[in-house]
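Secondary and tertiary structure notes
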Amino acid sequence: MLKIEDLHVSVEGKEILKGINLEIGKGEVHAIMGPNGSGKSTLSYILAGRDGYNITQGRVLFNGKDLLEMSVEERAWAGVFLAFQYPVEVPGVSNIYFLKAALNGIRKFNGLSELDAMDFIGMVKGKMKDLDMDEKFLYRAVNEGFSGGEKKRNEVLQMSVLEPTLCVLDETDSGLDIDALQIVAEGINRLRDPERSFVLITHYQRLLDYIKPDFVHVLAHGRVVKSGGPELALELEEQGYAWVDQKVAS
Amino acid sequence: MAASNENLKDLIGQEYKDGFVTDIESESFPPGLNEDVIRAISAKKDEPEFLLEWRLEAYRHWLTMEHPEWAFVEFPKIDFQEISYYSAPKSMADGPKSLDEVDPELISTYNKLGIPLEEQMRLAGVAVDAVFDSVSVATTFKDKLYEAGVIFCSFSEAVKEHPELIKQYLGTVVSQYDNFYAALNAAVFSDGSFVYIPKGVRCPMELSTYFRINAANTGQFERTLIIADEGSHVSYLEGCTAPMRDENQLHAAVVELVILKDAEIKYSTVQNWYPGDENGVGGIYNFVTKRAECREENAKVSWTQVETGSAITWKYPSVVLKGDNSIGEFYSVALTNNYQQADTGTKMIHYGKNTSSTIISKGISAGHGQNTYRGLVKIGRKAENARNYTQCDSLLMGDQCGAHTFPYIETKNPSATIEHEASTSKISEDQLFYCMQRGISAEDAVSMIVNGFCKEVFKELPMEFAVEAQALLGISLEGSVG
Ligand SMILES: Nc1ncnc2c1ncn2[C@@H]1O[C@H](COP(=O)(O)OP(=O)(O)OP(=O)(O)O)[C@@H](O)[C@H]1O
Ligand SMILES: [Mg+2]
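For the structure given in this document, a descriptive report is provided here. (Residues numbered from 1 in each chain as written. Chains lettered and ligands numbered in written order. Predicted model: local features only at pLDDT ≥ 70, side-chain atom pairs only at ≥ 80, totals over all residues. Heavy atoms only, no water.)

Things to note about the nonpolar core
Judged by nonpolar contacts, the single largest core of 108 residues is most densely connected at Leu2(A), Ile4(A), Leu7(A) and Ile364(B). Ranked by the residues each element gives to this core, the list is headed by helix α10 (residues 442–458) of chain B, at 10 residues. Ignoring any residue separated from it by four or fewer positions in sequence, one finds Leu2(A) in contact with Leu22(A), Glu23(A), Ile24(A), Leu47(A), Val60(A), Leu61(A), Phe62(A), Leu67(A) and Leu166(A). (Core = buried A, V, L, I, M, F, W, Y, C linked by side-chain atoms within 4.5 Å. Buried < 20%, exposed > 50% of the residue type's maximum accessible area, 1.4 Å probe, protein only. Helix = DSSP H or I, 4+ residues; strand = E, 2+ residues; numbered from the N terminus. Contact = heavy atoms within 4.5 Å.)

Structure (structure tokens):
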């Protein structure tokens with residue numbers, strides 16, 4: 001599904017990603033962990049196509065196509081979804097209108113007609129119920145005045161409505177209380193599908209108790225310094241990143 | 001990011017859709033202004049003596065006045081002798097006719113603008129007065145309104161049919177000496193709309209006037225007078241367009257609203273005069289005096305305006321709150337793109353006790369546009385417990401445009417409560433990226449963000465107008481408001 005080859009990215013002359021290689025197959029869940037500032041969010045922005053980065057080397061293939069050649073919307077239409085570490089507020093635009101515009105944008109690209117308004121509302125309300133979200137959020141402006149946890153939950157709502165094929169979640173667990181974490185994790189698990197892949201960026205093993213990853217990667221100083229199975233996350237939790245640094249050094 | 005600024009520019013730089021010219025034979029006065037021209041306009045309209053005198057007094061006073069220079073706009077000096085002060089389609093020479101006799105060219109002009117005048121195609125629930133250059137060419141649903149006791153007709157017709165109302169109310173809110181352009185208007189105004197809602201009547205449909213400038217080198221000077229008698233209610237809409245021409249054209253209107261006890265007027269404007277091209281050539285100079293007087297207690301008025309057109313806009317719909325407990329509201333969206341300049345805002349003058357006013361102003365600047373909010377909140381000595389809330393937000397697109405705010409406050413009564421909030425923001429790259437990441441195209445994302453910014457104003461507009469206003473600001477936005 002996704003193949004990242006020798007990806008180098010710099011911002012304002014400073015190299016942030018220094019040769020990332022990663023391959024994510026259909027239906028797989030990959031967790032990416034790593035110290036603050038190691039480049040995890042940068043990697044997620046590159047996948048989504050954010051402006052302002054200099055890709056100096058390497059390539060990214062998404063279902064065989066050159067992802068880096070595609071515009072931001074084209075990537076979204078093709079099924080790339082990024083749950084933001086810091087979801088953005090859009091004042092005056094209601095959540096329901098936003099979701100509808102997004103879904104219809106994607107449907108249009110796929111040659112589907114716009115969803116009937118009643119069907120749409122019904123579908124969204126169903127997903128909100130699954131995520132234990134109050135319906136009043138539909139009529140509030142996108143993320144405006146939402147608490148940190150509410151914003152994260154809203155990201156997962158958008159993801160469940162849009163049903164992307166590649167879900168990149170950047171610290172969606174940060175800021176969630178214990179109960180919310182479980183609900184959101186269940187929401188994500190519900191979306192697991194042989195045709196859908198996940199990249200979970202997280203600092204905490206706790207999330208991985210709920211969503212079992214197939215692979216865990218450690219990103220440090222712009223490189224994937226270690227990859228392994230779920231047990232790698234447990235080791236990290238115990239030993240901290242210094243342990244990885246030592247391993248890499250030796 | 002420079003690239004995205006370019007995008008923004010493209011997205012909002014849509015072409016002016018209403019810029020066509022109607023090929024119709026017109027009778028126009030030669031350019032120039034003197035007492036004879038005023039007499040000729042008055043004679044054309046068969047006006048009573050008192051009105052001619054009123055015009056001449058205004059003209060004589062105007063001659064002593066200086067052109068105002070305080071607004072934050074720049075334009076070359078206007079030569080008032082180069083303007084023609086009257087132009088009307090020849091077919092209208094014999095005064096207003098029944099709709100069946102209106103020139104098909106005119107009907108088709110309004111059709112093109114989305115304002116069908118024909119009986120079978122009329123906008124449901126909206127009565128229209130269509131003003132073409134200097135004259136009103138048609139008023140729809142007149143009979144139906146008359147049954148309800150509502151008078152809705154062209155100003156010229158009102159002068160003929162209801163001279164006592166004109167005499168009683170004309171110039172009582174905006175006197176013929178009020179300011180430079182109001183005096184000029186009083187001297188040469190040619191037509192406009194007149195509305196009278198009798199005691200206790202809720203006007204059964206929305207009333208609207210659609211102004212169209214067609215002839216070249218002509219100024220449009222129309223005058224609107226609306227009187228809401230005790231306990232009555234009316235919602236009035238105003239729309240404006242003009243052809244694309246390289247010369248600037250002057251539009252100097254006066255609107256007077258009189259609101260009596262327990263009555264309410266809701267006045268909405270979607271102003272889309274030709275704004276000039278992307279280099280700032282051509283466009284309408286829109287210098288308008290609009291004022292409402294809440295003359296008695298519990299009177300209420302709200303001005304809602306969406307200003308997207310005109311090369312220069314200079315306009316301050318104001319409210320004089322005389323009656324105790326009266327309420328004034330001003331909701332405004334002003335967009336300036338390319339080289340457009342807008343200096344707009346409101347005056348809320350509190351004289352009565354417990355009077356309250358609300359001002360919500362949203363300025364959007366793009367290209368080299370300059371957008372100024374200028375507002376005055378004045379609390380008189382006797383205005384016990386007056387309240388005002390003002391919110392002024394500016395949105396900038398790109399870095400060549402400007403937003404300016406000049407809020408003035410004068411209070412002579414210490415019991416007043418005045419709140420003022422202001423903000424300036426840019427469409428952020430983060431917002432655009434977020435929307436686009438969700439599959440919303442750049443175009444839709446910009447208009448969505450802009451419309452979100454304007455939401456508090458749009459929700460004050462009647463439904464049909466809200467849709468038109470959104471379409472003017474962006475593209476395909478059905479449903480984002482409400
Ligand atoms: N636009 C930018 N300008 C300058 N430096 C940047 C920019 N964007 C990212 N960086 C730097 O790149 C590095 C990687 O940032 P990134 O946000 O990807 O880290 P992260 O791994 O997501 O960290 P965290 O765990 O704290 O979220 C940081 O040192 C950051 O300061
Ligand atoms: Mg991060």
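Some thoughts on the interface of chain B and chain A
Listed as interface residues are 24 residues of chain B and, on the opposing side, 33 residues of chain A. For the pair chain B and chain A, the two sides together bury roughly 2200 Å², of which 66% comes from carbon and sulfur. When residues of chain B are sorted by the area they lose upon contact with chain A, Phe433(B), Tyr434(B) and Arg438(B) head the list and together hold 35% of the total. Between the two partners, chain B and chain A, sit two salt bridges. Of the charged contacts, one joins Asp430(B) and Arg50(A) as a salt bridge, the two residues approaching to 2.6 Å between their closest N and O atoms. In this assembly, chain B and chain A are joined by 12 residue pairs in polar contact (both at pLDDT 80 or more). Looking at the side of chain B that touches chain A, the elements with two or more residues in it are α9 (429–437) and α10 of chain B. Ranked by the residues each element gives to the side of chain B that touches chain A, the list is headed by α9(B), at seven residues. The residue inventory of the side of chain B that touches chain A, partitioned by class, reads 11 nonpolar, nine polar and four charged. (Buried area = accessible area lost by both parts, 1.4 Å probe. Salt bridge = Lys/Arg side-chain N within 4 Å of Asp/Glu carboxyl O. Polar contact = N/O pair within 3.5 Å; in protein donor to acceptor, adjacent residues only side chain to side chain. Nonpolar A, V, L, I, M, F, W, Y, C, P; charged D, E, K, R; others polar.)

Here's the deal with the coordination of the magnesium ion (ligand 2)
Residue and element names in this part refer to chain A. Bound to the magnesium ion (ligand 2) are the protein donor atoms Ser41 (OG) and Gln85 (OE1), situated 2.0 to 2.2 Å from the metal. Taken together, the residues serine 41 in helix α1 (residues 40–48) and glutamine 85 in the loop between β6 (80–83) and β7 (90–94) connect sequence positions 44 residues apart. Residue classification places serine 41 among the buried positions, given a relative accessible area of 18%. (Donors = N, O, S within 2.8 Å, 3.2 Å for Na, K, Ca; no water.)

Side note on α1(A)
Counting buried positions along α1(A) yields nine of nine residues, so the element is predominantly enclosed. Phi turns positive, to about 95°, at Gly49(A), one or two residues after α1(A).

Observations regarding the site of ligand 1
Residues and elements named next belong to chain A. Not every one of the 14 residues close to ligand 1 is listed here, only the nearest: Gly37, Lys40, Ser41, Thr42 and His203. Side-chain polar atom of serine 41 to an oxygen atom of ligand 1: 2.8 Å apart, as the coordinates give it. Between ligand 1 and the protein, one listed contact pairs an oxygen atom with a side-chain N or O atom of glutamine 85 at 3.0 Å. Protein burial of ligand 1: of its 640 Å² of free accessible surface, 66% is covered by the chains. The biggest single contributor to the shell around ligand 1 is α1, with three residues. Residue classes in the shell around ligand 1 are distributed as three nonpolar, eight polar and three charged. (Near = heavy atom within 4 Å. Areas by Shrake-Rupley, 256 points an atom, 1.4 Å probe, with all protein chains shown as cover.)

Considering helix α3 (residues 49–63) of chain B
Residue and element names in this part refer to chain B. The first and last C-alpha atoms of α3 sit 21 Å apart over 15 residues, in line with the 21 Å expected at 1.5 Å per residue. Listed as buried for α3 are Leu51, Leu52, Trp54, Arg55, Leu56, Ala58, Tyr59 and Trp62. Where the residues of α3 are buried, they touch α2 (35–44), α6 (155–161), α8 (180–188) and β8 (223–228). (Expected span 1.5 Å × (residues − 1).)

What to know about a negative patch on the surface
Residue and element names in this part refer to chain A. A surface patch of like charges, here negative, comprises Asp209, Glu231, Glu235, Glu237 and Glu238. As for its position among the elements, glutamate 238 is in helix α8 (residues 231–239). We classify glutamate 238 as exposed; its relative accessible area is 69%. (Patch = residues over 30% accessible without salt bridge, like charges linked within 9 Å, V, L, I, M, F, W, Y side chains within 5 Å. Lys, Arg positive; Asp, Glu negative; His and termini not counted. Charge placed at Lys NZ, Arg CZ, Asp CG, Glu CD.)

As for the pairing of strand β20 (residues 370–379) of chain B
Residue and element names in this part refer to chain B. Burial within β20 is extensive, with eight of its 10 residues counted as buried. With 10 bridges connecting them, β20 and strand β22 (residues 402–411) associate as parallel partners. Bridge pairing in β22 places threonine 372 opposite histidine 404. (Pairing = 2+ DSSP bridges.)

Side note on the sheet that holds strand β11 (residues 215–220) of chain A
Residue and element names in this part refer to chain A. Reading across the sheet, the six strands line up as β6-β9-β10-β3-β11-β12 and stay open at both edges, with mixed pairing between neighbours. Strands at the two margins of the open sheet, each flanked by one partner only, are β6 and β12 (223–228). Pairs of neighbouring strands in the sheet enclose a mean axial angle of 20°, with direction left out of account. Pairing of strand β3 (residues 29–33) with strand β10 (residues 197–201), which is carried by four bridges, proceeds in the parallel orientation. Within the sheet, the bridge partner assigned to alanine 31 lies in β10 and is leucine 200. (Axes fitted to C-alpha atoms, helices over the stretch in contact; angles between N-to-C directions.)

A word on the sheet that holds strand β2 (residues 14–24) of chain A
Residue and element names in this part refer to chain A. Reading across from one edge, β2-β1-β4-β5 is the order of the four strands in this open sheet, with antiparallel pairing throughout. Strand pairing shows two members of the sheet lacking a second neighbour, β2 and β5 (65–66), which therefore form its edges. In this structure, strand β1 (residues 2–11) lies alongside strand β4 (residues 54–62), joined through seven bridges in antiparallel fashion. From the neighbouring strand, glutamate 5 faces β4, where its bridge partner is arginine 59. Packed on one face of the sheet, α1 meets β1, β2 and β4 and runs near 110° to β1.

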